[in-house]
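Report on the structure
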Amino acid sequence: SCDTASRQCRIPNVDLSITVRTQPNPPQPGEPVKHVITVTNNGPDTAPPGVAVIYSVPPGGTITSIEPGPGWQCNQSGRTISCTYSGSIPPSTNAPQITITVTPDPNSKTVDVNTTVKSPGSNDPNPSNDTVMRSDIIGGSGAPVDQLAGGGFSCNIGGTDRAQGVALLAMLAMLALGLRRRRYGAAR
């Protein structure tokens, strides 16, 4: 929004987040995998037109179809798909979903997800939820429900169920605390 009298424009604050749901979950050997991408505007301002999603497939899979929801324009260049949304996204709403189908190579053990959302012309007060990076195990136990944001990307909690994921997190927290105490204890 711009004030024509003062010739100044206010840059909106838009906390966009992205989620990627895998279908089927878990991926099955020899079957294509759909990644359903959802962009959410957590506010406080409306996201202006031009929100962009960048999706890339590392070696081990081939993009076989792109189904952009209404308002999305997608282009593929090699292993990367770039989509731009023509409308604005009000606070507390989702943009239409984008579905990308990937066919894993016959020898692949995982289907990797690497997806980022950007909103040119706005500030993002929480960039830690802008990217999803994970590997879904083909024939595994399925992608965990929990995705932890941090460092500009998301990661999955390993394990076959939620309890194992929580146990892994507790163990990692204790390890980090022990290393911190050791470092600060040695400095005294």
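Data block above holds the structure.
What you see is a predicted model, and the numbers here were worked out from it, not measured in a lab.

Describing the pairing of strand E7 (residues 72-77)
Alignment of E7 against strand E8 (residues 80-85), held across six bridges, turns out to be antiparallel. Bridging from a neighbouring strand, Gln73 pairs with Thr84 of E8. Where E7 folds back onto E8 in an antiparallel hairpin, the turn is made up of two residues, including Gly78, whose phi is positive at roughly 65°.

Brief notes about the state of the cysteines
Here a disulfide denotes a covalent bond joining the sulfur atom of one cysteine to the sulfur atom of another. This model, assessed by the stated rule, comprises one disulfide. Disulfide partner of Cys74: Cys83, at an S-S distance of 2.1 Å. Disulfide Cys74 to Cys83: torsion about the S-S bond roughly 110°, handedness right-handed. Overall, the relative accessible area of 15% leaves Cys74 in the buried class.

Let's talk about the pattern of salt bridges
Opposite charge on two side chains lets them pair, provided their charged atoms get close. Within this structure, the stated rule accounts for one salt bridge. Residues Asp136 and Arg134 are paired through a salt bridge, measuring 2.7 Å at the closest nitrogen-oxygen approach. In this structure, Asp136 and Arg134 share a single accessibility class: buried.

Some words on the nonpolar core
Formed by 25 residues in total, the largest nonpolar core has its most connected members in Ile37, Val39, Val51, Val53, Trp72, Ile98 and Ile100. Among the elements of the structure, strand E3 (14-23), strand E4 (33-44), strand E5 (52-56), E7, E8, strand E10 (98-104) and strand E11 (110-118) are those that each provide at least two residues to this core. A per-element tally of this core places E3 first, with four residues. Among all residues touching Val51, those that are not within four sequence positions of it are Leu16, Val39, Trp72, Cys83, Thr84, Tyr85, Ile89, Val117, Lys118, Ser119 and Pro120.

Let's talk about the packing of aromatic side chains
Enumeration over the complete set of coordinates arrives at one aromatic pair. Between Trp72 and Tyr85 the ring centres are 5.0 Å apart and the planes differ by 45°, which places this aromatic pair in the tilted class. Of this pair, Trp72 sits in strand E7 while Tyr85 sits in strand E8, and the two are 13 residues apart along the sequence. As far as the burial class goes, Trp72 and Tyr85 line up, both buried.

Here we look at the sheet that holds E8
Spatial ordering of the open sheet is given by E7-E8-E5-E11-E12, a layout of five strands whose pairing is antiparallel. At either end of the open sheet lies a strand with only one pairing partner, and these are E7 and strand E12 (131-137). Sheet twist, expressed as the mean angle between neighbouring strand axes with direction ignored, is 15°. Pairing between E5 and E8: five bridges, direction antiparallel.

Brief notes about the environment of Ile37
Relative to the helices and strands, Ile37 is located in strand E4. Each C-alpha atom, one on Ile37 and one on Val20, is 4.6 Å from the other, the two residues being 17 residues apart in sequence. The contacts of Ile37, once residues within four sequence positions are left out, are Ile18, Thr19, Val20, Val53, Tyr55, Gln97, Ile98, Ile100 and Thr115.

What counts as what
- Residues numbered from 1 in each chain as written.
- Predicted model: local features only at pLDDT ≥ 70, side-chain atom pairs only at ≥ 80, totals over all residues.
- Heavy atoms only, no water.
- Pairing = 2+ DSSP bridges.
- Helix = DSSP H or I, 4+ residues; strand = E, 2+ residues; numbered from the N terminus.
- Disulfide = S-S within 2.5 Å.
- Buried < 20%, exposed > 50% of the residue type's maximum accessible area, 1.4 Å probe, protein only.
- Salt bridge = Lys/Arg side-chain N within 4 Å of Asp/Glu carboxyl O.
- Core = buried A, V, L, I, M, F, W, Y, C linked by side-chain atoms within 4.5 Å.
- Contact = heavy atoms within 4.5 Å.
- Phe/Tyr/Trp six-rings, centres within 6.5 Å; stacked < 30°, edge-to-face > 60°.
- Axes fitted to C-alpha atoms, helices over the stretch in contact; angles between N-to-C directions.

Purely spatial values, then, with no claim about function.
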